[in-house]
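# What the coordinates show
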Amino acid sequence: MEGALRVLTEQGIAKTSARTVAAAAGVNQALVFYHFGSVDELLAAACRYGAENAVARHRTRLASVSSLSELLAVGREIHEEERAGGHVALLGQLLAGAQTHEALRPATAAGLDLWIAEIERVLRRVLAATPFGEFTDPADLARAVAASFVGIELYEGVDEAGAHAALDALEQLGALVAALEDLGPVAQRAVRHHLRRTARKA
């Protein structure tokens, strides 16, 4: 599985085969079919394996996040680390491969779901004490956050400056949220009242 991830990252989905993966892993290519049945099934297993390892690397840091603005800042740090390690390029290859390799679709989605679940845990914790807690769905918001970072990661491949500007904009949004989080109890009640009134009109 490590060999498959390495080939995907370094050579791309088009050049990933039993032969290239076996060469990267230093084994006979017959073992690909013996253990996984097909290259697609190996890639699906490698995708899940890679996502589990990536999430595990950052779980402790995510568990320490105490605000939405901090989550956005940590998200940017994780993005930079994952990009430097080649994992952003790997995600791009998996998303591209999932368009034509049917076995990769559920595996890639499952890998993204691991990230979404971690983000949702943070959101449930940090939003509970804010005016946003009763007006947002942490599960849907977690998907929106994950999709934003995935989009930025793919965008970075064609416009690095634009992708960094998008990350800067998210941090600015985080600063606005932080300002609301720092409001006193009276002001927070006013925000909640306004949000409830807006929700009723909708």
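The structure reproduced in this document is the subject of the present report. Model, not experiment: these values are computed from the prediction.

### Section: helix H6 (residues 87–98)
- In this model, H6 (twelve residues) spans 16 Å end to end at C-alpha, consistent with the 16 Å of a helix rising 1.5 Å per residue.
- Turning to H6, its buried residues number three or more, namely Val88, Leu90, Leu91, Gly92, Leu94, Leu95, Gly97 and Ala98.
- On its buried face, H6 is in contact with helix H1 (2–11), helix H4 (39–63), helix H5 (68–84), helix H7 (104–127) and helix H8 (138–156).

### A look at the packing of H4 against H7
- For the pair H4 and H7, the least separation of the axes is 8 Å and the interaxial angle reads 10°. Here H4 lies roughly parallel to H7, going by the angle between them. Residues Leu43, Ala44, Cys47, Arg48, Ala51, Glu52, Ala54, Val55, His58, Arg59, Leu62 and Ala63 of H4 touch H7, and the partners they reach there are Leu104, Ala107, Thr108, Gly111, Leu114, Trp115, Glu118, Val122 and Arg125.
- Looking at side-chain class alone, the contact of H4 with H7 contains 13 nonpolar, three polar and five charged residues.

### Description of the environment of Leu173
- Here Leu173 lies in helix H9 (residues 160–181).
- For the pair Leu173 and Leu8, spaced 165 residues apart in the sequence, the C-alpha separation amounts to 34 Å.

### Considering helix H2 (residues 18–25)
- All of the buried residues along H2 are Ala18, Thr20, Val21 and Ala22.
- Looking at the buried positions of H2, the neighbouring elements they touch are H1, helix H3 (30–36) and H4.
- Backbone geometry just downstream of H2 places Gly26 in the positive-phi region, at approximately 70°.

### Observations regarding a nonpolar patch on the surface
- Judged by side-chain polarity, Val27, Leu31 and Tyr34 come together as a nonpolar surface patch covering roughly 320 Å² of accessible area.
- With respect to the helices, strands and loops of the structure, Leu31 is situated in helix H3.
- Note on Leu31: relative accessible area 37%, which makes it partly exposed.

### Here we look at the nonpolar core
- Counting residues in each nonpolar core, the largest one holds 25 residues, and the members touching the most others are Leu71, Ile119 and Leu123.
- When residues of this core are traced back to their parent elements, those giving at least two are H4, H5, H7, H8 and H9.
- Tallying contributions element by element places H7 first for this core, with seven residues.
- In this structure, Ala18, Val32, Val39 and Leu90 belong to the second largest nonpolar core, which totals 19 residues.

### Some words on the side chain of His79
- Topologically, His79 is positioned in helix H5.
- Classification of His79 by relative accessible area gives buried; the value is 1%.
- Side-chain polar atoms of His79 contact the side chain of Glu156, separated by 3.2 Å.
- Excluding residues within four positions of it along the chain, His79 makes contact with Val88, Phe149, Glu153, Glu156 and Leu167.

### What about the pattern of salt bridges?
- Summed over the entire model, instances satisfying the criterion amount to nine salt bridges.
- Across the pair Glu77 and Arg61 runs a salt bridge, and its minimum N-O distance is 3.3 Å. Here the residue Glu77 occupies a position in helix H5, and Arg61 occupies one in helix H4, the gap between them amounting to 16 residues.
- Overall, the relative accessible area of 43% leaves Glu77 in the partly exposed class.
- A relative accessible area of 25% means that Arg61 is categorised as partly exposed.

### As for the environment of Arg76
- Mapped onto the elements of the fold, Arg76 is located in helix H5.
- The class of Arg76 is buried, set by a relative accessible area of 14%.
- Residues Arg76 and Val32, 44 residues apart in the sequence, show an inter-C-alpha distance of 36 Å.

Parameters and conventions
- Residues numbered from 1 in each chain as written.
- Predicted model: local features only at pLDDT ≥ 70, side-chain atom pairs only at ≥ 80, totals over all residues.
- Heavy atoms only, no water.
- Helix = DSSP H or I, 4+ residues; strand = E, 2+ residues; numbered from the N terminus.
- Expected span 1.5 Å × (residues − 1).
- Buried < 20%, exposed > 50% of the residue type's maximum accessible area, 1.4 Å probe, protein only.
- Contact = heavy atoms within 4.5 Å.
- Axes fitted to C-alpha atoms, helices over the stretch in contact; angles between N-to-C directions.
- Parallel < 35°, antiparallel > 145°, perpendicular 65-115°, else oblique.
- Nonpolar A, V, L, I, M, F, W, Y, C, P; charged D, E, K, R; others polar.
- Patch = residues over 30% accessible without salt bridge, like charges linked within 9 Å, V, L, I, M, F, W, Y side chains within 5 Å.
- Areas by Shrake-Rupley, 256 points an atom, 1.4 Å probe, with all protein chains shown as cover.
- Salt bridge = Lys/Arg side-chain N within 4 Å of Asp/Glu carboxyl O.
- Core = buried A, V, L, I, M, F, W, Y, C linked by side-chain atoms within 4.5 Å.
- Polar contact = N/O pair within 3.5 Å; in protein donor to acceptor, adjacent residues only side chain to side chain.

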